[in-house]
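Read off the chains here:
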Amino acid sequence: MKRVLLSVITFTFISLAVFADSKQEAMTFFNNYVNAANNYSDAISSMYAPNAKIIRQVVKPDGTTANAYTDTATYVKQMKIAQAGAKLRKYKNEYRNIAITPVNGGFKISAERQPTGETYWLKTYQIVKKQPNGKWLITEEMMQTKQQIFLRYVDKN
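I will try to describe carefully the structure that is included in this document. (Residues numbered from 1 in each chain as written. Predicted model: local features only at pLDDT ≥ 70, side-chain atom pairs only at ≥ 80, totals over all residues. Heavy atoms only, no water.)

1. Here we look at the overall build of the chain
For the chain, the count of helices and strands is 2 helices and 6 strands. For the chain, the N- to C-terminal ordering of α and β elements is α-β-β-α-β-β-β-β. Of all 157 residues assigned to the chain, the portion counted as buried reaches 35%. Partitioning the intrachain contacts of the chain with sequence separation of at least 6 by distance along the chain shows that 51% fall at a separation of at least 24. Accessible surface, the chain: about 10000 Å² in total, of which carbon and sulfur atoms supply 58%. (Helix = DSSP H or I, 4+ residues; strand = E, 2+ residues; numbered from the N terminus. Buried < 20%, exposed > 50% of the residue type's maximum accessible area, 1.4 Å probe, protein only. Contact = heavy atoms within 4.5 Å. Areas by Shrake-Rupley, 256 points an atom, 1.4 Å probe, with all protein chains shown as cover.)

The structure is reproduced here in structure tokens:
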């Protein structure tokens, strides 16, 4: 009985240590993402899974929202085009209220972000998962925006 109890306790501590390490790795990945994005690094495009679910949630002037979905390849292409203008404007995002919770073999990192020069905060989240090769990737991302131009990508069905 003592061996079983000792085994359970040992397994629990090892599991908690692995979970804590993974959680810290996921948080480090998120911080690296923020740093890469705010420094207009090309590395940002390699932080997304090839089949990531990308959601831009447009906050309309009346406060309602609409979701625009895109695939990783299209998003990366648009991001590279937008980076040049962002760099000229010194556009960055500040994040607050960052929370990390385990989900389906990865972590959901939720936060509020504030674009440069704005007084409002927008919701965002990423689901990040460690790949078999040890690399962390964004498998899902939702980012609110007040840019109404994204409404053209909202499915009207």
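2. Remarks on the pattern of salt bridges
This model, assessed by the stated rule, comprises 3 salt bridges. Glu 112 serves as the salt-bridge partner of Arg 96, at 2.7 Å between the closest nitrogen and oxygen. You can see Arg 96 sitting in strand E3 (residues 93–103) and its partner Glu 112 sitting in strand E4 (residues 106–115), a full 16 residues away along the chain. (Salt bridge = Lys/Arg side-chain N within 4 Å of Asp/Glu carboxyl O.)

3. Observations regarding the sheet that holds strand E2 (residues 65–70)
With mixed pairing, 6 strands are arranged side by side in an open sheet as E2-E1-E6-E5-E4-E3. Of all strands in the sheet, those bounded by a partner on one side alone are E2 and E3. Strand-to-strand twist across the sheet, computed as the mean angle between neighbouring axes with direction ignored, equals 20°. Strand direction decides the pairing type here: E3 and E4, joined by 9 bridges, are antiparallel. Each residue of the ladder has a partner; that of Val 103, found in E4, is Gly 106. Here helix H2 (residues 72–89) sits on the sheet in contact with strand E1 (48–59), E2 and strand E6 (136–145), set at roughly 65° to E1. (Pairing = 2+ DSSP bridges. Axes fitted to C-alpha atoms, helices over the stretch in contact; angles between N-to-C directions.)

4. Here's the deal with H2
Its 18 residues give H2 an end-to-end C-alpha distance of 25 Å, which sits within 8% of 26 Å, the value for a rise of 1.5 Å per residue. At Gln 83, H2 shows its largest kink, close to 30°. When we look at burial in H2, the residues that qualify are Thr 72, Tyr 75, Val 76, Met 79, Gln 83 and Ala 86. The inward-facing, buried residues of H2 abut E1, E2 and E6. The N-capping residue of H2, defined by a side-chain oxygen 3.1 Å from the backbone nitrogen of Ala 73, is Asp 71. The positive-phi residue at the C-terminal boundary of H2 is Lys 90, with phi of around 60°. (Expected span 1.5 Å × (residues − 1). Bend = angle between axes of the 7 residues up to and from the residue. Polar contact = N/O pair within 3.5 Å; in protein donor to acceptor, adjacent residues only side chain to side chain.)

5. A few points about the packing of aromatic side chains
Per the counting criterion, the structure on display carries 5 aromatic pairs. Between Phe 30 and Tyr 33 the ring centres are 6.4 Å apart and the planes differ by 25°, which places this aromatic pair in the stacked class. Separated by 3 residues within a single helix, Phe 30 and Tyr 33 lie in helix H1 (residues 2–38), roughly one turn from each other. Residues Phe 30 and Tyr 33 agree in their burial class; the two are buried. (Phe/Tyr/Trp six-rings, centres within 6.5 Å; stacked < 30°, edge-to-face > 60°.)

Any functional reading would require information that these geometric values do not contain.
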